[in-house]
Amino acid sequence: MTITDPADRRASSRTYFPGDDREDLVGLAQLLHEMDRDTLVGGMAELRAPDGRVRTIPNEVFEVLEQVADALASGSGVTVARNDTQMTTQQAADFLGVSRPTLVKYLEDGSISFERRGRHRRVLLRDLVSFQEHFRIRRRAALRAAARDGQALEREQQRQQHDGRAET
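Residues numbered from 1 in each chain as written. Predicted model: local features only at pLDDT ≥ 70, side-chain atom pairs only at ≥ 80, totals over all residues. Heavy atoms only, no water.

Report on the pattern of salt bridges, specifying residues and quantitative values.
Pairing between side chains of opposite charge can happen when their charged atoms approach one another. With the rule as written, the count across this model stands at 8 salt bridges. For Arg82, the salt bridge is made with Asp84, and the minimal N-O distance between the two is 2.9 Å. For Asp84, a relative accessible area of 34% translates into the label partly exposed. In this structure, Glu108 engages Arg121 in a salt bridge whose closest nitrogen and oxygen atoms are separated by 3.0 Å. Placement of the pair is Glu108 in helix α5 (residues 100-108) and Arg121 in strand β7 (residues 120-124), with a sequence separation of 13 residues. On the basis of relative accessibility, which here comes to 45%, the residue Glu108 falls in the partly exposed class. (Salt bridge = Lys/Arg side-chain N within 4 Å of Asp/Glu carboxyl O. Buried < 20%, exposed > 50% of the residue type's maximum accessible area, 1.4 Å probe, protein only. Helix = DSSP H or I, 4+ residues; strand = E, 2+ residues; numbered from the N terminus.)

Here you go:
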């Protein structure tokens, strides 16, 4: 795992990649999943510094640590970014996994908020995450509706087949 200089920690985002030997990362990820938070002090994990100082780890940080450990243990890189990170339209499109023209369509129709800096658009990471979550919710609702409609159509076809057999 990459260790950063304290000055780098203030950057708006940083990507970490696992080293070649991921054995320690796999062990850490397993330990984090095995921990029963109910048995921890006040339901919280603790972090011990090399000098012996101990601090509790808030649940939000513990959950982030679990996700990061899982990703690194599986060989994936992890990017940590502040919610107020400003992104170019190309960076935003890459984040969402869409083309830049599709992203621009979302910006222009008001689906995603943005700022203009001269002739350039800038998008906040938090606005992309919000759009992504709302998009997932709408997609799930549409899939449920399609499934219901498909089941209703199937029931109607079965009823018509049954009624057709009953008439003969």
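So what's going on with the pairing of strand β3 (residues 54-57)? Which residues, and what values?
Taken residue by residue, a regular strand's side chains alternate between the two faces of the sheet. Note: strand β2 (residues 45-48) against β3, 4 bridges, orientation antiparallel. Bridge pairing in β3 places Glu46 opposite Thr56. (Pairing = 2+ DSSP bridges.)

Which residues make up α5, and what values go with them?
Listed as buried for α5 are Leu103, Val104, Tyr106 and Leu107. Mapping the buried residues of α5 onto a view down its axis gives an arc of 155 degrees, with all of them on the same face. Backbone geometry just after α5 places Gly110 at a positive phi near 85 degrees. (Arc of directions from axis to C-beta.)

Explain a negative patch on the surface residue by residue, including any values.
A cluster of like negative charges, contributed by Asp20, Asp21, Glu23 and Asp24, occupies part of the molecular surface. With respect to the element layout, Glu23 can be found in helix α2 (residues 23-34). A relative accessible area of 63% means that Glu23 is categorised as exposed. (Patch = residues over 30% accessible without salt bridge, like charges linked within 9 Å, V, L, I, M, F, W, Y side chains within 5 Å. Areas by Shrake-Rupley, 256 points an atom, 1.4 Å probe, with all protein chains shown as cover. Lys, Arg positive; Asp, Glu negative; His and termini not counted. Charge placed at Lys NZ, Arg CZ, Asp CG, Glu CD.)

How would you sum up the packing of aromatic side chains? Please name residues and give values.
Enumeration according to the criterion identifies 2 aromatic pairs in this entry. Note on Tyr106 and Phe131: the rings are 4.7 Å apart at their centroids and 45 degrees apart in plane angle, and the pair reads as tilted. Here Tyr106 is found in helix α5, whereas its partner Phe131 is found in helix α6 (residues 125-167), with 25 residues between them in sequence. In this structure Tyr106 comes out as buried when scored by relative accessible area, which is 15%. (Phe/Tyr/Trp six-rings, centres within 6.5 Å; stacked < 30°, edge-to-face > 60°.)

I'd like a rundown of the sheet that holds β7, residues and numbers included.
Adjacent strands of a sheet pair through backbone hydrogen bonds, lying either parallel or antiparallel. With antiparallel pairing, the 3 strands of this open sheet are ordered in space as β5-β7-β6. Each edge of the open sheet carries a strand with a single partner, namely β5 (86-87) and β6 (115-117). α5 rests against β6 and β7 of the sheet, and its axis sits at about 80 degrees to β7. (Contact = heavy atoms within 4.5 Å. Axes fitted to C-alpha atoms, helices over the stretch in contact; angles between N-to-C directions.)

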